[in-house]
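The lines below spell out each chain.
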Amino acid sequence: MPETPEVPEGTRAVLDGNEINRALTRIAHEVLERTKGGEHITLLGIPSRGVPLAERLARRIERVEDLSVPHGSLDITMYRDDLHLAPARALGRTEIPASGLDDRVVVLVDDVLFSGRTVRAALDALGDLGRPRAVQLAVLVDRGHRELPIRADYVGKNLPTSLRESVTVLLDETDGQDAVLLGPSKPRSGTASPADTQEGDA
């Protein structure tokens, strides 16, 4: 039976756990096809939910190709361009695999692609850590409304949204269930526009 996510009032589920699993499996196969077997890839999740998504993708690729896929996390907090607009943020963890990043195909993994500013910050952070052969982007959801010329190479679901809507990704590792929820935006204090209100914008 399909999973039925628990959703708050006024919010609807646009992806359930089974659909998320299928989307990640498809992305894993697309990564392998585009990188010709994935021998030189490294997956880096952007905290917080990009990290478990990167781990899931690594496991799927390993099952298909029977190879070990280096994966880790890339904290971009200090590279964000909105630090002066938002309350102080807790630093996440940056964990780079022992194989490093030089001459690797680095696939950044995040839950939601929105303005593109988180991805820009991740590219800046990568520049301080090594020189990858190439950098690609995998996201579970692309909700549109880009503010920078950034696009994802791999997308689980394209989800047209209004700026007055919020997209929330729930994962079993962090939230106890898998779901993507769409609901009204929740403005933070001190922010000026709906575009600044989304949690975990990429």
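What comes next concerns the included structure. (Residues numbered from 1 in each chain as written. Predicted model: local features only at pLDDT ≥ 70, side-chain atom pairs only at ≥ 80, totals over all residues. Heavy atoms only, no water.)

Observations regarding the packing of helix H1 (residues 17-34) against helix H2 (residues 50-65)
So, step 1. At a closest axis distance of 9 Å, the pairing of H1 and H2 adopts a crossing angle of 60°. When the axis of H1 is compared with that of H2, the two are oblique. By crossing handedness, the relation of H1 to H2 is classed as right-handed. Contact with H1, carried on its side by Ile20, Asn21, Leu24, Thr25, Ile27, Ala28, His29, Val31 and Leu32, involves Leu53, Arg56, Leu57, Arg60, Ile61, Val64 and Glu65 of H2 and no other residues of that element.
So, step 2. Classifying every residue of the contact of H1 with H2 by side-chain character gives 10 nonpolar, three polar and three charged. (Axes fitted to C-alpha atoms, helices over the stretch in contact; angles between N-to-C directions. Helix = DSSP H or I, 4+ residues; strand = E, 2+ residues; numbered from the N terminus. Parallel < 35°, antiparallel > 145°, perpendicular 65-115°, else oblique. Left-handed = near helix turned anticlockwise from the far one by under 90°. Contact = heavy atoms within 4.5 Å. Nonpolar A, V, L, I, M, F, W, Y, C, P; charged D, E, K, R; others polar.)

What about the nonpolar core?
So, step 1. Formed by 31 residues in total, the largest nonpolar core has its most connected members in Leu43, Ile61, Leu140 and Val180.
So, step 2. Of all elements in the fold, only strand S1 (12-16), H1, strand S2 (41-45), H2, strand S4 (105-113), strand S5 (134-142), strand S7 (165-170) and strand S8 (179-184) reach the threshold of two or more residues within this core.
So, step 3. Here this core takes seven residues from H1, the largest share from any one element.
So, step 4. If we ignore the near neighbours within four places in the chain, the residues touching Leu140 are Ile20, Ala23, Leu24, Leu53, Asp110, Asp111, Gly156, Lys157, Val169 and Val180.
So, step 5. One finds Leu44, Ile76, Val119 and Ile150 within the second-largest nonpolar core, a separate group that totals 18 residues. (Core = buried A, V, L, I, M, F, W, Y, C linked by side-chain atoms within 4.5 Å. Buried < 20%, exposed > 50% of the residue type's maximum accessible area, 1.4 Å probe, protein only.)

A short note on the packing of aromatic side chains
So, step 1. If you walk through the whole model with that rule in mind, you get zero aromatic pairs.
So, step 2. The ring of Phe114 carries the charged tip of Arg143 above its face, separated from the ring centre by 4.1 Å. (Phe/Tyr/Trp six-rings, centres within 6.5 Å; stacked < 30°, edge-to-face > 60°. Lys NZ or Arg CZ within 6 Å of the ring centre and 35° of its normal.)

As for helix H3 (residues 117-127)
So, step 1. For H3, every residue scored as buried is listed here: Thr118, Val119, Ala121, Ala122, Ala125 and Leu126. Buried residues of H3, seen end-on, are gathered within an arc of 155° and therefore sit on one face of the element.
So, step 2. The secondary structure elements touched by the buried residues of H3 are S2, S4 and S5. (Arc of directions from axis to C-beta.)

Structural notes on the pattern of salt bridges
So, step 1. Under the defined criterion, the tally for this structure stands at 10 salt bridges.
So, step 2. Where Asp103 meets Arg133, a salt bridge forms, and the shortest distance between an N and an O atom there is 3.3 Å. Of this pair, Asp103 sits in the loop between strand S3 (71-73) and S4 while Arg133 is found in the loop between H3 and S5, placing the two residues 30 residues apart along the sequence.
So, step 3. Here Arg133 falls in the partly exposed class, since its relative accessible area comes to 46%.
So, step 4. One salt bridge connects Asp142 with Arg146, and the closest N-O pair in it is separated by 2.8 Å.
So, step 5. Classification of Asp142 by relative accessible area gives buried; the value is 11%.
So, step 6. Taking relative accessible area as the criterion, Arg146 reaches 27% and is therefore assigned partly exposed.
So, step 7. By sharing partners, the salt bridges in this structure join Arg56, Glu173 and Asp178 into a single network. (Salt bridge = Lys/Arg side-chain N within 4 Å of Asp/Glu carboxyl O.)

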